[in-house]
Amino acid sequence: MLVVVPVLVVLIRPRLPRDALGWVELLGLLLVTAAVTLVAIYSPLDLLFVVFPLLIWAALRFELTGSAPAALIVSVLAVTAATNQKGPFAGRAMGEIMVNLQAFNVSVALTGLLLSSLVTERRHVRERIEDACQELAEVVDTLAPGASGRRTRGAEGTGPEEDEGRGSTGAGWGTG
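Residues numbered from 1 in each chain as written. Predicted model: local features only at pLDDT ≥ 70, side-chain atom pairs only at ≥ 80, totals over all residues. Heavy atoms only, no water.

K.L.:
So what exactly am I meant to see when it comes to empty space enclosed by the protein here?
P.N.:
Empty space among the atoms becomes apparent when a probe as large as a water molecule is rolled across them. Scanning the entire structure with this criterion turns up 1 cavity of 30 Å³ or more. The calculated volume of the largest cavity comes to roughly 40 Å³. Forming the walls of the largest cavity are Leu2, Val3, Pro6, Ser67, Ala68, Ala71, Ala109, Gly112 and Leu113. Where the lining of the largest cavity is concerned, the elements lending two or more residues are helix H4 (64–83) and helix H5 (94–143). Class assignment of the residues belonging to the lining of the largest cavity gives a composition of 7 nonpolar, 2 polar and no charged. (1 Å grid on protein atoms, 1.4 Å probe; cavity = no way out; pocket = protein on both sides within 12 Å on 5 of 7 lines; lining within 4 Å. Points joined across faces, edges and corners; volume = space filled by probe spheres on them. Helix = DSSP H or I, 4+ residues; strand = E, 2+ residues; numbered from the N terminus. Nonpolar A, V, L, I, M, F, W, Y, C, P; charged D, E, K, R; others polar.)

K.L.:
Just checking my understanding: could you explain the packing of H4 against H5 for this structure?
P.N.:
How two helices pack is summed up by the angle between their axes together with the distance between the axes. The N-to-C vectors of H4 and H5 enclose an angle of 170°; their axes lie 9 Å apart at closest approach. One way to sum up the angle between H4 and H5 is to call them roughly antiparallel. Contact residues: Leu64, Ser67, Ala71, Val74, Ser75, Ala78, Val79 and Ala82 in H4; Ile97, Leu101, Phe104, Asn105, Val108, Ala109, Gly112, Leu113 and Ser116 in H5. (Axes fitted to C-alpha atoms, helices over the stretch in contact; angles between N-to-C directions. Parallel < 35°, antiparallel > 145°, perpendicular 65-115°, else oblique. Contact = heavy atoms within 4.5 Å.)

K.L.:
Which parts of the structure should I look at to understand a negative patch on the surface?
P.N.:
A cluster of acidic residues, Asp131, Glu135, Glu138 and Asp141, forms a negative patch at the surface. Among the structural elements, Asp131 can be located in helix H5. (Patch = residues over 30% accessible without salt bridge, like charges linked within 9 Å, V, L, I, M, F, W, Y side chains within 5 Å. Areas by Shrake-Rupley, 256 points an atom, 1.4 Å probe, with all protein chains shown as cover. Salt bridge = Lys/Arg side-chain N within 4 Å of Asp/Glu carboxyl O. Lys, Arg positive; Asp, Glu negative; His and termini not counted. Charge placed at Lys NZ, Arg CZ, Asp CG, Glu CD.)

K.L.:
Just checking my understanding: could you explain a nonpolar patch on the surface for this structure?
P.N.:
Together, Met1, Val5 and Val9 give the surface a local cluster of nonpolar side chains, amounting to about 300 Å² of exposed area. Inspection of the secondary structure puts Met1 in the segment before helix H1 (4–12).

K.L.:
Before we go on, may I ask you to explain the layout of surface pockets in this structure?
P.N.:
In this model, the largest pocket occupies a volume close to 360 Å³. As for the largest pocket, its lining consists of 15 residues, and the residues nearest its centre are Arg15, Pro17, Arg61, Phe62 and Glu63. Looking at the lining of the largest pocket element by element, the count peaks at 4 residues for H5. Across the lining of the largest pocket, the residue classes break down as 5 nonpolar, 2 polar and 8 charged. Looking at the lining of the second largest pocket, the elements with two or more residues in it are H1, H4 and H5. Of the residues forming the lining of the second largest pocket, the biggest block, 3 residues, is contributed by H5. Residue composition of the lining of the second largest pocket, by class: 4 nonpolar, 3 polar and 4 charged.

K.L.:
Looking at this structure, how should I read the environment of Ile41?
P.N.:
Looking at where Ile41 falls in the secondary structure, it is placed in helix H2 (residues 20–42). A relative accessible area of 0% means that Ile41 is categorised as buried. With 41 residues separating them along the chain, Ile41 and Ala82 place their C-alpha atoms 9.2 Å apart. Beyond its immediate sequence surroundings of up to four residues, Ile41 is in contact with Leu48, Leu77, Ala78, Ala81, Lys86, Gly87 and Pro88. (Buried < 20%, exposed > 50% of the residue type's maximum accessible area, 1.4 Å probe, protein only.)

K.L.:
Just checking my understanding: could you explain the pattern of salt bridges for this structure?
P.N.:
Where charged atoms of side chains with opposite charge meet at close range, the side chains can pair. As enumerated under the stated definition, the model contains 6 salt bridges in all. For Arg92, the salt bridge goes to Glu96, with nearest N and O atoms at 2.9 Å. Given a relative accessible area of 28%, Arg92 falls into the partly exposed group. Assessed through its relative accessible area of 38%, Glu96 is described here as partly exposed. The shortest N-O distance in the salt bridge between Glu121 and Arg128 comes to 3.7 Å.

K.L.:
Explain the packing of aromatic side chains to me, please; I cannot follow it from the model alone.
P.N.:
By convention here, two paired aromatic rings are described through the distance between centres and the angle between planes. By the definition in use, this model includes 1 aromatic pair. An angle of 80° between the planes, with centres 6.2 Å apart, marks the rings of Phe52 and Phe104 as edge-to-face. Note that Phe52 is positioned in helix H3 (residues 52–62) and Phe104 in helix H5, a separation of 52 residues in sequence. The positively charged end of Arg61 is found above the aromatic ring belonging to Phe62, 5.0 Å away from the centroid. (Phe/Tyr/Trp six-rings, centres within 6.5 Å; stacked < 30°, edge-to-face > 60°. Lys NZ or Arg CZ within 6 Å of the ring centre and 35° of its normal.)

As structure tokens, then:
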């Protein structure tokens, strides 16, 4: 459920990269994730933890669109290694393999899901703040035509002449 359902959600509601570089990065990320997972699984050392930075990158950069397929790739490769008793799953009892595999898959899935949900929520909050700022600017323009333009230019620091017009007339910030 934690690995397959997010991929289905991505297929239903994809948030795909808009430019060619985004596509290259996403596909490269998924290929590197597969390669690093294969190296980690089939290494004589227990290196399964090295896939987590890639899962974090996928979640931070592409949200669920990147983290769900990356988690699926890692999980499928880990299940294959466990089934064949290779890598960190070699020489262990079936019960121990299942517990380790389950713990690993849950960790992989939750890392991607939780981080991508946090990034998505942050993006939504930023969009709401930008909308509120736009609405506020429109209200200010309606109440005091031309005032918001002057404040915006002054806030950008376009020059000292902007501040001269505000100084003694009482039309600036903090007067009252």
